[in-house]
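# Analysis of the macromolecular model
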Protein chains: 2
Amino acid sequence: MTGIRDEQTAGTDRRRPGRPRDPVAEQRILDAAIDEFLERGPARFTIDGVARRAGVGKSTVYLRWPDRDALLVESVRARSRSIEDVDTGSLRGDLIRLTTNLLRFLRDPLGYATFRITVDAVANPAYEHIARELAQKHRHAARRVFDRARTRGDTIDEAAVDPVVECLYGAVTMQVLNHGLDMASASEVDLEAHCTSTVDLVLRLLEP
Amino acid sequence: MTGIRDEQTAGTDRRRPGRPRDPVAEQRILDAAIDEFLERGPARFTIDGVARRAGVGKSTVYLRWPDRDALLVESVRARSRSIEDVDTGSLRGDLIRLTTNLLRFLRDPLGYATFRITVDAVANPAYEHIARELAQKHRHAARRVFDRARTRGDTIDEAAVDPVVECLYGAVTMQVLNHGLDMASASEVDLEAHCTSTVDLVLRLLEP
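Numbering of residues begins from 1 in every chain and follows the order in which that chain's sequence is written. Written order decides the labels, with chains lettered from A and ligands numbered from 1. Local features are withheld for residues below a pLDDT of 70 in this predicted model, meaning they are given only at 70 or higher, and side-chain atom pairs are given and counted only at 80 or more; totals for whole chains, interfaces and linings count all residues. Side-chain figures throughout are based on the complete set of non-hydrogen atoms in the structure, without hydrogens or water.

Chain A is annotated in an unreviewed UniProt entry as TetR family transcriptional regulator of Actinomadura physcomitrii.

Structure, rendered in structure tokens:
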């Protein structure tokens, strides 16, 4: 019971009081939610479908998550990967790694699903929080990359940093939108080569 | 009947033979489809809802469009605007106009809905055709801008053209994704100022 008390102390505000959690069922529901989302898309994602897939009753799902959006957001968050932790020793290397990781992530079904949530967040307040969280994660990653570059003594045109990051992340997104359907066969080497040429081009903008 | 025969000659393959078209009802259905799409999103967009909104029977809609995706795509196409026809007399001016038009379009509900279709097209073959059509429209617009610049005698680093266009369109998309919810109050002047600073930055990359 210690674990439960600890968690109550930490303040999980959504769970009904007095109902012990079943972490195994919860994980099964989160996994089922991701599978359901990837297979059926946000449009046809329902609590019903997730419960059926997880082999639990609908009420078990509702015990923990108030609605489909809350479940969807938590399942995506639970699976989101640390694509933004890069440290290669150089600004150029870090930017290539960062953009290649992002391109690889966006082309995989979970990453693409995450991107769809970010796009939907523009119009759907239920996704606003996770979209901001994801955007912030990427912003912080870029900030760390540039902070390390300054620590190493790189001279950088500070005014160019934000637009360059916007261009890089944007160019990767355009790649997925324009070639998403043709890129299934692109190898890791292709992805990195594409990102390298974009980074090498925009790096010139950072020279003071 | 001439109009109908002309259209049959041109080959509208979806319409059932022998049923005269009702252009007024068709336009009403297309308008209702856009309204339904904007209000309910792609997830909750149904032929039922469109028929109800247009005040026609479901069978009338199915006479002309085989399914919801076909109707959605045609209604978006019918409303898509010529945001890409720009000719200001200079490369810088054209790129600023092009990106400002795109940013304004993406922030308006119809443009944002169109963007969502493009994003969904990565995973939904029903939207693939219109997504390619839209991407091609933008590619051609950019090509015309650069062709005119060459005709005027501008010297351009040709290797940089495609990545620069990708960065510009990408940066605009990032703007909408990152600030979509906060940008409702941004004025036309704000939009143009943002695009101008991005264009001025990346223009340096086009110098040979």
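### With respect to the overall build of chain A
Rules: In this description a helix means any DSSP run of H or I spanning at least four residues, a strand means any run of E spanning at least two, and both kinds are numbered starting from the N terminus. Only protein chains enter the calculation, and the probe is 1.4 Å; a residue is then buried if its accessible area is under 20% of its type maximum, exposed if over 50%, and partly exposed in between. Areas reported here follow the Shrake-Rupley algorithm with a probe of radius 1.4 Å; residue values treat only the protein chains shown as occluding.
In terms of helices and strands, chain A carries 10 helices and zero strands. Tracing chain A from N to C terminus, the helices and strands come up as α-α-α-α-α-α-α-α-α-α. Looking at chain A as a whole, 48% of its 208 residues are labelled buried. Approximately 10200 Å² of chain A is accessible, and the part contributed by carbon and sulfur atoms is 50%.

### Describing the interface of chain A and chain B
We apply this condition: For this analysis, residues touch if any pair of their heavy atoms sits within 4.5 Å. Defined here as a combined quantity, buried area equals the accessible surface (1.4 Å probe) lost by two parts on assembly, summed across both. We define a salt bridge as a contact between a side-chain nitrogen of Lys or Arg and a carboxyl oxygen of Asp or Glu at a distance within 4 Å. Any N or O atom pair separated by 3.5 Å or less is treated as a polar contact, with the protein-specific requirement of one donor-capable and one acceptor-capable atom, and with residues adjacent in sequence counted only for side-chain atom pairs. Here the term charged refers only to Asp, Glu, Lys and Arg, the term nonpolar to Ala, Val, Leu, Ile, Met, Phe, Trp, Tyr, Cys and Pro, and the term polar to all other amino acids, Gly among them.
Contacts between the two partners involve 39 residues from chain A and, on the opposite side, 38 residues from chain B. Interface area, chain A with chain B, both sides summed: about 3300 Å², of which 66% is carbon and sulfur. Where chain A packs against chain B, one counts two salt bridges. Salt-bridge contacts for Arg-116 of chain A lead to Asp-120 of chain B; the nearest nitrogen and oxygen are separated by 3.5 Å. Put simply, chain A and chain B have eight residue pairs in polar contact (both at pLDDT 80 or more) between them. Listed by contribution, the elements that provide at least two residues to the side of chain A that touches chain B are α7 (109–121), α8 (128–151), α9 (158–179) and α10 (188–203) of chain A. The biggest single contributor to the side of chain A that touches chain B is α9 of chain A, with 14 residues. Its residues assigned to classes, the side of chain A that touches chain B comprises 21 nonpolar, eight polar and 10 charged.

### Notes on the packing of aromatic side chains
All names here are of chain A. This is how the line gets drawn: Aromatic rings from Phe, Tyr and Trp, taking only the six-membered ring of Trp, are treated as a pair when their centres fall within 6.5 Å; an angle between ring planes under 30 degrees marks them as stacked, one over 60 as edge-to-face, and anything in between as tilted. Lysine NZ or arginine CZ positioned within 6 Å of the ring centre and within 35 degrees of the ring normal marks a charge as sitting over the ring.
Counted according to the given criterion, the structure contains two aromatic pairs over all chains. The interplanar angle of 90 degrees and the centroid separation of 6.1 Å between the aromatic rings of Phe-37 and Phe-45 together place this pair among those described as edge-to-face. Like Phe-45, Phe-37 is buried. Positioned above the aromatic ring of Trp-65, the side-chain terminus of Arg-64 is 5.4 Å from the ring centre.

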